Each structure stands twice: as C-alpha cells, then as structure tokens.
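Chain residues, written in single-letter form:
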Amino acid sequence: MEFGATNGTLKIRPDGTYDWNGVKGKYRVAAEDESALSYRGGGAVVLLAAKTGYDWIVLKDRKPESGDWIDVQEYKSRGTLQEHGTR
C-alpha cells in the first residue's frame, strides 16, 4: 500500500519493508493492544527506526467522505509527533 500527503510518500510493502520519503527499513505487525486506540479498519504496523530514528506506528481507518486514510504517530509519544495521509 502506498499513501501520500503533503509531507511525501509512505510505501508499506508486503515483504516487511517500508520506504518513507527515502528512509527505508523494516516494519512489524503491531500487537492488538498497541493499536487499540479509536482506530478501526485493519491491522497497524510499527515502522522500525523510521523518521528521526524512532519507531512510528501506522494506524489505518476509513473516512467515508475521503476514502482510506492513515494516522502515523511516533511510537512512544503517541500523538505528540504525528502525520496523516490518504490513499
């Protein structure tokens, strides 16, 4: 899946790798308790050593008026550092 926003593009590949604006690495599937915020619409993944060298969690949801969207949050701060995008 590939999502784009004003801050660039995030590609999450089925082989367990990602590319976020040229930062490449691996991801893991988030455990259910890690993604149990108010988001629904599919499993979350954790981008390992991503932007700024930190782990980031990608949460997927469905926003009826605009299609699929994601919320990408720095893993530890959960909301302090975040970005959004649509497919």
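Look a little higher up for the structure.
These lines cover the structure that appears in this document, whether it is placed above or below.

What follows deals with the overall build of the protein. Helix and strand counts for the protein stand at zero helices and eight strands. Along the protein, helices (α) and strands (β) appear in the sequence β-β-β-β-β-β-β-β when read from the amino end. Within the protein, contacts between residues separated by at least 24 positions form 27% of all contacts whose residues are at least 6 apart in sequence. In the structure as shown, the protein presents an accessible area of about 5200 Å², 51% of it carried by carbon and sulfur atoms.

With that out of the way, let us pick up the environment of glutamate 34. Among the secondary structure elements, glutamate 34 is positioned in the loop between β4 (23–29) and β5 (45–47). With a relative accessible area of 11%, glutamate 34 lands in the buried category. Residue contacts for glutamate 34: discarding those within four places in its chain leaves Arg28, Val46, Ile57, Tyr75 and Arg78.

Direction of pairing for strand β2 (residues 8–12) relative to strand β3 (residues 17–20): antiparallel, over a ladder of three bridges. The partner of isoleucine 12 across the bridge, within β3, is tyrosine 18. What sits between the antiparallel neighbours β2 and β3 is a turn of four residues, in which glycine 16 has the positive phi angle 90°.

With a phi close to 55°, asparagine 21 is a non-glycine residue in the positive phi region. If you trace the backbone, asparagine 21 turns up in the loop between β3 and β4. A residue is classified by how much of its surface remains accessible, and asparagine 21, at 43% relative accessible area, is partly exposed. Residue threonine 52 is not a glycine yet carries a positive backbone phi of 60°.

Judged by nonpolar contacts, Leu10, Ile12, Tyr18, Trp20, Tyr27, Val45, Leu47, Ala50, Trp56, Val58, Ile70 and Val72 together constitute the single largest core of 12 residues. Apart from residues lying up to four places away in sequence, leucine 47 is in contact with Leu10, Tyr18, Trp20, Lys26, Tyr27, Tyr54, Asp55, Trp56 and Val58. Counting five residues, the second largest nonpolar core, distinct from the first, contains Ala30, Ala44, Val46 and Leu59.

Rules and cut-offs
Residues numbered from 1 in each chain as written. Predicted model: local features only at pLDDT ≥ 70, side-chain atom pairs only at ≥ 80, totals over all residues. Heavy atoms only, no water. Helix = DSSP H or I, 4+ residues; strand = E, 2+ residues; numbered from the N terminus. Contact = heavy atoms within 4.5 Å. Areas by Shrake-Rupley, 256 points an atom, 1.4 Å probe, with all protein chains shown as cover. Buried < 20%, exposed > 50% of the residue type's maximum accessible area, 1.4 Å probe, protein only. Pairing = 2+ DSSP bridges. Core = buried A, V, L, I, M, F, W, Y, C linked by side-chain atoms within 4.5 Å.

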